[in-house]
Amino acid sequence: MNLINDFCLADGILQGVQVLVVDNDRDSRDLYAFLLKDLSANVITAGSIKEALEILSWFTPNILVSEIRFLGESIYTLLNTLHVIKADNENHIPIIVTSTSTTGTHDQIPDVEFEEYLLKPFDLDQLVSLIQNLVQKEVKENFCPDVLEYRFTNPQNQVFVLAKTEIS
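Criteria and cut-off values
- Residues numbered from 1 in each chain as written.
- Predicted model: local features only at pLDDT ≥ 70, side-chain atom pairs only at ≥ 80, totals over all residues.
- Heavy atoms only, no water.
- Phe/Tyr/Trp six-rings, centres within 6.5 Å; stacked < 30°, edge-to-face > 60°.
- Helix = DSSP H or I, 4+ residues; strand = E, 2+ residues; numbered from the N terminus.
- Axes fitted to C-alpha atoms, helices over the stretch in contact; angles between N-to-C directions.
- Parallel < 35°, antiparallel > 145°, perpendicular 65-115°, else oblique.
- Left-handed = near helix turned anticlockwise from the far one by under 90°.
- Contact = heavy atoms within 4.5 Å.
- Nonpolar A, V, L, I, M, F, W, Y, C, P; charged D, E, K, R; others polar.
- Salt bridge = Lys/Arg side-chain N within 4 Å of Asp/Glu carboxyl O.
- Buried < 20%, exposed > 50% of the residue type's maximum accessible area, 1.4 Å probe, protein only.

Caption draft 1: Spatial organisation of the packing of aromatic side chains. All told, the structure shown has 2 aromatic pairs when counted by the stated rule. Consider the rings of Tyr-32 and Phe-122, whose centres lie 5.6 Å apart with planes at 25°: the pair is stacked. Note that Tyr-32 is positioned in helix H1 (residues 26-38) and Phe-122 in the loop between strand E7 (116-119) and helix H4 (124-134), a separation of 90 residues in sequence.

Structure representation (structure tokens):
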């Protein structure tokens, strides 16, 4: 069992989840891949939109994690391809968009649907939690099976308790 910021991440929590990580920053791309693979996700990475489009010709992810800004490339090309995939086989691929820019980025793509926007740097446990929630049907019930109660504290020091209701 791993703990990131006191968030319980059981080994195998993302087993069966196919993730495509697209980021032109090698360190970010490798960090996300390392974390998600450690949680048993099948992760493919791309350093450019062009590379991601090539990968999508043979790999269908359950979720996409992508930087929004690429030098000389448009994320629209990638997102339009995902919409074509959705139209062709009715398979919606959730999108988590990341960026280091705090000004205007979210408003620059008003016509594109994406589920979440994360401003870098962000907590890695937040990324894992979002992926788990967005692809819940692919995620097995591996959420800390030996723990009966989870306690979370938000930045305002409010404590939230999630109790396990069924013991197997």
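Caption draft 2: Main features of unusual backbone geometry. Omega for the bond connecting Lys-120 with Pro-121 falls within 30 degrees of zero, at -5°, which places this linkage in the cis form. Positive phi, close to 80°, is recorded for Ser-40, a residue that is not glycine.

Caption draft 3: Examining the packing of helix H2 (residues 49-56) against helix H3 (residues 75-89) more closely. Remark: H2 packs on H3, axes separated minimally by 9 Å, with the N-to-C direction vectors making an angle of 15°. It follows from the interaxial angle that H2 and H3 lie roughly parallel. H3 is crossed by H2, and the crossing has left-handed handedness. Contacts from Ile-49, Ala-52, Leu-53 and Leu-56 in H2 reach Ile-75, Thr-77, Leu-78, Thr-81, Leu-82 and Ile-85 in H3. Among the residues making up the contact of H2 with H3, the classes are represented as 8 nonpolar, 2 polar and no charged.

Caption draft 4: Region of interest: the pattern of salt bridges. Applying the stated criterion to the full structure yields 3 salt bridges. Residue Asp-23 pairs with Lys-120 through a salt bridge whose shortest N-O separation is 2.7 Å. A residue pair is termed long-range when its members are at least 10 positions apart, and Asp-23 in the loop between strand E3 (18-22) and H1 and Lys-120 in the loop between E7 and H4 qualify at 97 residues. Like Asp-23, the residue Lys-120 is buried in the burial classification. Note that Glu-67 is salt-bridged to Lys-120, the shortest N-O span being 2.8 Å. One end of the pair, Glu-67, is in strand E5 (residues 63-67); the other, Lys-120, is in the loop between E7 and H4, and 53 residues separate them in sequence. Via salt bridges that share partners, Asp-23, Glu-67 and Lys-120 belong to a single interconnected network.

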